[in-house]
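# Tertiary structure, described
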Amino acid sequence: EFYDSLQNCTAYRLKFHDLTHGHFSTLGVLFQPRDKRQDKGDDAIMKSYEWVAHYTLQFLEAHLKQNGSALQFLNNAPEKNGVPKGLISAHSKSPAAKSWGLRDFNELAMQNNYKNLEELYRSLLEEQPSLDLPEWQLNNLGLQLVFNPETASNGIAILLLATTIYPRSANLFDSLAEGYLHNGDRENAVKHFKQSLKLDASNQNAIQKLKMLER
């Protein structure tokens, strides 16, 4: 179950068929009598421990020291590494493909000072088809940024991108209008509240804000 649960790293699973004894502990291996119905003899058990140590060493060499030959050892079938046939069953799997999301996109957006976000989005989508920017996440990020005086323009940029990706979202246009209003841009606030109402005529927030702005 633990092996199956690993998704974001290379994982290995090995079964040592001769590593069997009724008292599975260091003291048990050394001093307890074997259960002849299931336990292998001392020589077989100790040989398996030797292979456990060898595989552990190769794993550490491969992944801590980036040793290519050690990595090849791990990827080989056990028999190719000199393991007697039937002594070890080995399985491995590669990491699942990384799923790109808003956090990844936002990190790149910050590096570009939130400039040319639509271009960034389109180019990244070509490179990472799994990129997923849910509407609600873009809306939350945009509002968090827009109501911070130090990042208000960045929030506007995120919300503009969001309305490009989701042009039928009355809620996003409402949020964008709120952002412009908060930053003193009444003209753009009116424009985007009206667009929100076109998409959702029941948007009471837009109705009330337009009444206030058009007095």
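Here's a quick rundown of the structure. Note that residues are indexed from 1 along each chain, following the sequence as it is written. Only residues with pLDDT of at least 70 are given local features in this predicted model, and only at 80 or more are side-chain atom pairs given and counted; all residues enter the totals for whole chains, interfaces and linings. Note that the side-chain values use all heavy atoms of the structure and ignore hydrogens as well as water.

### A short note on a nonpolar patch on the surface
Two joining distances apply to patches: 9 Å for like charges and 5 Å for nonpolar side chains (Val, Leu, Ile, Met, Phe, Trp, Tyr), and every residue must have over 30% relative accessible area and no salt bridge. Surface exposure here means Shrake-Rupley accessible area, sampled with a 1.4 Å probe, where a residue is shielded only by the protein chains that are shown. Salt bridge, as used here: a side-chain nitrogen of Lys or Arg that lies within 4 Å of a carboxyl oxygen of Asp or Glu. On the surface, Phe59, Leu60 and Leu64 cluster together to form a nonpolar patch covering roughly 300 Å² of accessible area. Strands here are runs of E lasting at least two residues and helices are runs of H or I lasting at least four, both read from the DSSP assignment and numbered beginning at the N terminus. Secondary-structure assignment places Leu64 in helix α3 (residues 42–64).

### A short note on the packing of aromatic side chains
Planes of paired rings set the category: under 30 degrees apart is stacked, over 60 is edge-to-face and the rest tilted, where pairs are Phe, Tyr or Trp rings (Trp by its six-membered ring) whose centres lie within 6.5 Å. Enumeration over the complete set of coordinates arrives at five aromatic pairs. Judged by centre distance (5.9 Å) and plane angle (85°), the rings of Tyr12 and Phe59 are edge-to-face. Taken together, the positions of Tyr12 in strand β1 (residues 11–16) and Phe59 in helix α3 put the pair 47 residues apart, joining distant regions of the chain. Accessibility expressed as a relative area gives 19% for Tyr12, which makes it buried. The cut-offs for exposure are 20% and 50% of the maximum accessible area for each residue type, with area from a 1.4 Å probe on protein chains only; residues under the lower value are buried, those over the upper are exposed, and the others partly exposed.

### Thoughts on the side chain of Ser48
If you trace the backbone, Ser48 turns up in helix α3. Since its relative accessible area comes to 1%, Ser48 is described here as buried. Any pair of residues with heavy atoms lying within 4.5 Å of one another is described as a contacting pair. Not counting residues up to four positions away in its chain, the partners in contact with Ser48 are Phe16, Asp18, Leu19 and Leu87.

### Quick word on the nonpolar core
One recurring pattern in soluble globular proteins is that nonpolar side chains are buried together. The set of buried Ala, Val, Leu, Ile, Met, Phe, Trp, Tyr and Cys residues whose side-chain atoms join them within 4.5 Å is what this entry labels a nonpolar core. Residues Phe105, Tyr114, Leu117, Tyr121, Leu133, Leu138 and Ile158 are the most contacted members of the largest nonpolar core, which totals 20 residues. If you list the elements that add at least two residues to this core, you get α5 (102–111), α6 (117–127), α7 (135–146) and α8 (152–165). Tallying contributions element by element places α8 first for this core, with five residues. Phe105 has contacts with Leu117, Leu120, Tyr121, Leu124, Leu133, Ile158 and Leu161, leaving out every residue within four places of it along the chain. If you look at the next biggest cluster of nonpolar residues, it comprises 13 residues, including Ile45, Trp51, Phe73 and Val83.

### So, the environment of Asn116
Tracing the backbone shows Asn116 in the loop between α5 and α6. The exposure class assigned to Asn116 is exposed, which follows from its relative accessible area of 57%. For the pair Asn116 and Lys15, spaced 101 residues apart in the sequence, the C-alpha separation amounts to 53 Å.

### So, the pattern of salt bridges
Note on pairing: side chains with opposite charge can pair once their charged atoms come close. Here the structure, examined in full by the defined rule, presents six salt bridges. With a shortest N-O distance of 3.4 Å, Lys194 and Glu214 are connected by a salt bridge. In this pair, Lys194 is assigned in helix α10 (residues 186–199) and Glu214 in the segment after α11 (204–213), connecting sequence segments 20 residues apart. Its relative accessible area of 41% is what places Lys194 among the partly exposed residues. When its relative accessible area of 47% is taken as the criterion, Glu214 is described as partly exposed.

### Concerning α5
For α5, the set of buried residues is Leu102, Asp104, Phe105, Asn106 and Ala109. Among the residues trailing α5, Asn113 stands out with phi positive, at a value near 55°.

### Observations regarding unusual backbone geometry
Phi angles above zero are rare outside glycine, and Gln66 is one such case at about 55°. Relative to the elements of secondary structure, Gln66 occurs in the loop between α3 and α4 (68–75). Positive phi outside glycine occurs at Tyr114, with the angle close to 60°. Residue position: Tyr114 is located in the loop between α5 and α6. Judged by relative accessible area, which is 7%, Tyr114 ranks as buried.

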